[in-house]
Amino acid sequence: MYGFSQRLPVDWLREHLAAEATHYLFPTLVQRLTHRPEVPLQWRCQQLLTVSTGEQIWGLLDVLPDTFDKIPETLDTASKKDIVNRIEQAVKVREWMERTAADAGS
């Protein structure tokens, strides 16, 4: 869960994400695992997720291109630039998890 591509458990997502919020997935690079030819080409995407506190956090997720292509495009260029800027300023998922765990323990 703390690696480069964070495959967050569904239970974690249900517990922490703001259900009414819009979450964003932004393809960043092509991921080829040349040392594992059985693994298909994937797109490494940045995620901008809104948690139940209203804070936006940044994570990564590898997505198969066919799956990503099924997501309808709804944003114009200015909106995409805004999302990239927000991603650059967001706290990483791991950092947010560590901070909230520390806050719960105190």
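In the block above lies the structure referred to throughout.
Residues numbered from 1 in each chain as written. Predicted model: local features only at pLDDT ≥ 70, side-chain atom pairs only at ≥ 80, totals over all residues. Heavy atoms only, no water.

## Considerations on the side chain of Gln-46
- Secondary-structure assignment places Gln-46 in strand β2 (residues 42-50).
- For Gln-46, a relative accessible area of 18% gives the class buried.
- Within the structure, Gln-46 has its side chain in polar contact with the side chain of Thr-28 (distance 2.9 Å).
- Not counting chain neighbours up to four residues away, the residues in contact with Gln-46 comprise Tyr-24, Leu-25, Phe-26, Thr-28, Trp-58, Gly-59, Leu-60 and Ile-87. (Helix = DSSP H or I, 4+ residues; strand = E, 2+ residues; numbered from the N terminus. Buried < 20%, exposed > 50% of the residue type's maximum accessible area, 1.4 Å probe, protein only. Polar contact = N/O pair within 3.5 Å; in protein donor to acceptor, adjacent residues only side chain to side chain. Contact = heavy atoms within 4.5 Å.)

## Points about the sheet that holds strand β3 (residues 56-63)
- With mixed pairing, the 4 strands of this open sheet are ordered in space as β1-β2-β3-β4. Of all the strands in the sheet, just β1 (24-31) and β4 (91-92) have a single pairing partner and so form its edges. (Pairing = 2+ DSSP bridges.)

## Digging into the pattern of salt bridges
- Summed over the entire model, instances satisfying the criterion amount to 7 salt bridges.
- In this structure, Lys-80 engages Glu-73 in a salt bridge whose closest nitrogen and oxygen atoms are separated by 3.5 Å.
- For Lys-80, a relative accessible area of 31% gives the class partly exposed.
- Take Glu-73: its relative accessible area is 58%, and that puts it in the exposed class. (Salt bridge = Lys/Arg side-chain N within 4 Å of Asp/Glu carboxyl O.)

## Some details on the nonpolar core
- In this structure, Leu-8, Trp-12, Leu-17, Leu-49, Val-51, Ile-57, Val-93, Trp-96 and Met-97 together form the largest nonpolar core, which totals 9 residues.
- If you tally residues by element for this core, the top one is helix α4 (residues 93-105), at 3 residues.
- Every residue in contact with Trp-96, bar those within four places of it in the chain, is listed here: Trp-12, His-16, Val-51, Thr-53, Glu-55, Ile-57 and Val-91. (Core = buried A, V, L, I, M, F, W, Y, C linked by side-chain atoms within 4.5 Å.)

## Let's talk about the side chain of Asp-62
- Its location among the elements puts Asp-62 in strand β3.
- A relative accessible area of 11% means that Asp-62 is categorised as buried.
- Polar side-chain contacts of Asp-62 include one of 2.5 Å to the side chain of Arg-44.

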